[in-house]
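# Structural characterization, general
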Amino acid sequence: MQQQEERHSSIGDHIRRLREQRASEDASFSLRQVAARCEVTPAYLSRVERNEVAPPGEETLVKLAGELGEDPDVLLAMAGKISADLRAIILAQIGRAHV
C-alpha cells in the first residue's frame, strides 16, 4: 500500500510541476483551463495534483501528457498503467505463444 501511495504522489506532483512551469509563462495553463481542455473538472484535476485520488485513466493521462508536453508513456508508467496499444501487442504475443 505504501508503494502505491508513493506512485500516486509522484504522478500528482509531476503533473502539477509540469502545469505550473507552463503556467508561469502562459496563462492558458491555469488549472481550470488545462482541466477544460482535458475534459475533467478543475476540482478533479486539483485532487489528482494533490494526490487525493488515484491517477486518472489512460484517456485522461494521454490528454494531460499532450497538454503538458510530456510523453504519454511516462505518465502511464508513473500511474502504473500500460497503454491500450502496448496491451494489444502483449496479448497478441501471448496468443502466438499458445498456438
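Residues numbered from 1 in each chain as written. Predicted model: local features only at pLDDT ≥ 70, side-chain atom pairs only at ≥ 80, totals over all residues. Heavy atoms only, no water.

## Examining the pattern of salt bridges
The cut-off we apply is this: Salt bridge, as applied in this entry: a Lys or Arg side-chain nitrogen positioned within 4 Å of an Asp or Glu carboxyl oxygen.
The tally for this structure, following the rule as stated, stands at eight salt bridges. It is possible to trace a salt-bridge network through shared partners that takes in Arg16, Arg19, Glu20 and Glu49.

## Describing the nonpolar core
Selection criterion: Think of a nonpolar core as a cluster: buried Ala, Val, Leu, Ile, Met, Phe, Trp, Tyr and Cys residues, connected wherever their side-chain atoms sit within 4.5 Å. Here the term buried applies to any residue with accessible area under 20% of the maximum for its type, exposed to any over 50%, and partly exposed to those in between, with areas from a 1.4 Å probe on protein chains only. Only DSSP runs of H or I with at least four residues qualify as helices, and only runs of E with at least two residues qualify as strands; both kinds are numbered from the N terminus onward. Residue contacts are counted whenever heavy atoms from the two residues lie within 4.5 Å of one another.
In this structure, Ile15, Leu45, Leu61, Leu64 and Leu75 are the most contacted members of the largest nonpolar core, which totals 19 residues. In terms of residue count, helix 4 (residues 58-68) provides more of this core than any other element does, four residues in total. Sequence-distant contacts of Leu45, that is, excluding residues within four places in its chain, are made with Ile15, Leu31, Val34, Ala35, Val40 and Leu64.

## Looking at unusual backbone geometry
Even without glycine at this site, Glu39 takes up a positive phi of about 60 degrees. Within the fold, Glu39 resides in the loop between helix 2 (31-37) and helix 3 (42-49). By relative accessible area, which is 63% here, Glu39 ends up exposed. With a phi close to 65 degrees, Asn51 is a non-glycine residue in the positive phi region.

## Thoughts on the confidence of the model for the chain
The condition is simple: Per-residue confidence from the predictor is reported as pLDDT, which spans 0 to 100.
On average, residues of the chain score 88 in pLDDT, and 88% of them reach the 70 mark or higher. Below a pLDDT of 50 lies the segment residues 1-9, which in the model reaches eight contacts outside its immediate sequence neighbourhood of four places, other chains included.

## What about the packing of aromatic side chains?
What counts, and what does not: Each pair of aromatic rings taken from Phe, Tyr and Trp, with Trp reduced to its six-membered ring, is defined by centres within 6.5 Å and is described as stacked if the planes are under 30 degrees apart, edge-to-face if over 60, and tilted in the remaining cases. Counted as over-ring charges are cases with an Arg CZ or a Lys NZ within 6 Å of the ring centre that also lie within 35 degrees of the ring normal.
Counting across every chain of the model gives zero aromatic pairs. For Arg37, the ring lying beneath its charged end belongs to Phe29, and the centroid distance is 5.3 Å.

## Some details on helix 3
Along an α-helix, residues three or four apart share an orientation, since each turn contains 3.6 residues. For the record, the criterion: An arc is given here, and it is the one of the directions from the helix axis to the C-beta atoms.
Of the positions making up helix 3, those classed as buried are Leu45, Ser46, Val48 and Glu49. When helix 3 is viewed along its axis, its buried side chains cluster within an angular range of 160 degrees and face the same direction. Looking one or two residues beyond helix 3, the residue adopting positive phi is Asn51, at roughly 65 degrees.

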